[in-house]
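# Residue-level structural notes
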Amino acid sequence: MFTADDLLARGHLALDWAAGLVEGDAGYRGAGTHINGYYKSVVAFATGGRVREARLIADHVRQVYWKDGDANTNPDDPTAKGLANYRSAWLGRGLHILGRYDMARATGDFVVGQMHPETGGLAALPNVPEAEREYCWGSTGSAVLALLAMGRVADAVRGGAFIAELIDEQNVTTGKIYLRRGADGQIIRDDRREGLALA
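Residues numbered from 1 in each chain as written. Predicted model: local features only at pLDDT ≥ 70, side-chain atom pairs only at ≥ 80, totals over all residues. Heavy atoms only, no water.

## A word on helix 5 (residues 101-113)
Here is the rule we go by: Only DSSP runs of H or I reaching four residues or more are called helices, and only runs of E reaching two or more are called strands; each is numbered from the N terminus. Expected span of a helix: the number of residues minus one, times 1.5 Å. Three labels apply to residues, based on accessible area from a 1.4 Å probe with only protein chains included: buried if under 20% of the type maximum, exposed if over 50%, partly exposed otherwise in between. In what follows, a contact means two residues having at least one pair of non-hydrogen atoms within 4.5 Å.
Counted at 1.5 Å a residue, the expected span for helix 5 with its 13 residues is 18 Å, and the 18 Å between its end C-alpha atoms agrees. Of all the positions in helix 5, only Met103, Ala104, Thr107, Gly108, Phe110, Val111 and Val112 are classed as buried. Considering only its buried residues, helix 5 is in contact with helix 3 (51-64), helix 4 (84-98), strand 1 (122-123), helix 6 (137-149) and helix 7 (153-170).

Pasting the structure below:
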């Protein structure tokens, strides 16, 4: 059995390893143009007391991926597709924790702009016509955490209500729970698509 101190020590070992890969504001050595290598790094470094590395990664993200609050704008990034708003929300939380309030505020505004005006769910992808958007509880959960960190409680509550209503409407005690709603507010129950249900 691991103690909390054991887990913290292992977390710091991981941060030591990751910090060794940071090459100034050029990002991680060998990471290429993949936002998937960066969006959780600012939170990890900032909460782990590695402020220098968190700042360098935030600067790199701003230069290569981020524009007006969206962390998925690099056209050469093959990972910037599915669940893009999930990544923007994660990054926004890290930016706020780090004290990069200029970027965090813009990211918070972007994330709130991607939330359904009635249900509060976060669209999985940006720049999709409103009638075609899908709203997912994982992305929304990421938004809730980011918005709470930023002090945007009313927006976070809207996101929490989306998750609660999605669960309550299904009233599942066994079997699958579906994780997305369409723009029309209906639960998407297409089992053929990956990532739509938990069994």
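That was the structure; now back to the text.
## Quick look at the packing of helix 4 against helix 5
In plain terms, the rule: Here an angle of 0 to 180 degrees is reported between the N-to-C directions of two axes, which are lines fitted to C-alpha atoms, with helices fitted over the stretch in contact. Whether a crossing is left-handed or right-handed is set by the direction in which the near helix is turned from the far one by less than a right angle, anticlockwise for left-handed and clockwise for right-handed.
With their axes 8 Å apart at the nearest point, helix 4 and helix 5 run at an angle of 150 degrees to one another. For helix 4 against helix 5, the interelement crossing comes out left-handed. On helix 5, the residues that touch Asn85, Ser88, Ala89, Gly92, Leu95 and His96 of helix 4 are Tyr101, Met103, Ala104, Thr107, Phe110 and Val111.

## Some remarks on the pattern of salt bridges
Pairing between side chains of opposite charge can happen when the charged atoms of each approach one another. Basically, it comes down to this: In the sections that follow, a salt bridge refers to a side-chain nitrogen of Lys or Arg positioned within 4 Å of a carboxyl oxygen of Asp or Glu.
Per the counting criterion, the structure on display carries eleven salt bridges. Residues Arg29 and Glu23 are paired through a salt bridge, measuring 3.5 Å at the closest nitrogen-oxygen approach. Exposure remark for Arg29: the relative accessible area of 44% places this residue in the partly exposed category. With relative accessibility at 40%, the residue Glu23 sits in the partly exposed group. Notably, a salt bridge pairs Asp59 with Arg100, separated by 2.7 Å at the nearest N-O pair. One end of the pair, Asp59, is in helix 3; the other, Arg100, is in the loop between helix 4 and helix 5, and 41 residues separate them in sequence. One salt-bridge network, held together by shared partners, links Asp59, Arg62, Arg100 and Asp102.

## A word on a nonpolar patch on the surface
Put simply, the rule reads: Put simply, a patch holds well-exposed residues, over 30% relative accessible area, that have no salt bridge, with like charges counted together within 9 Å and Val, Leu, Ile, Met, Phe, Trp or Tyr side chains within 5 Å. In this description, accessible areas are obtained by the Shrake-Rupley approach with a 1.4 Å probe, and a residue is regarded as covered only by the protein chains that are shown.
The grouping of Leu148, Val153 and Val157 at the surface amounts to a nonpolar patch, some 270 Å² of accessible area in total. As for its placement among the helices and strands, Val157 is situated in helix 7.

## Digging into the nonpolar core
Nonpolar side chains in soluble globular proteins generally cluster together in the buried interior. Which entries qualify depends on this criterion: Definition used in this section: a nonpolar core is a set of buried Ala, Val, Leu, Ile, Met, Phe, Trp, Tyr and Cys residues joined via side-chain atoms within 4.5 Å.
With 28 residues, the main nonpolar core has Tyr28, Ile35, Tyr38, Phe45, Ile57, Val61 and Leu91 as its most contacted residues. Secondary structure elements with two or more residues in this core: helix 1 (4-19), helix 2 (41-47), helix 3, helix 4 and helix 5. The element contributing the most residues to this core is helix 3, with five residues. In this structure, Phe45 is in contact with Leu15, Ala18, Ala19, Val22, Tyr28, Arg50, Val51, Glu53, Ala54 and Ile57, ignoring residues within four places of it in sequence. Membership of the second largest hydrophobic core comes to twelve residues, among which are Ala89, Ala143, Met150 and Ala156.

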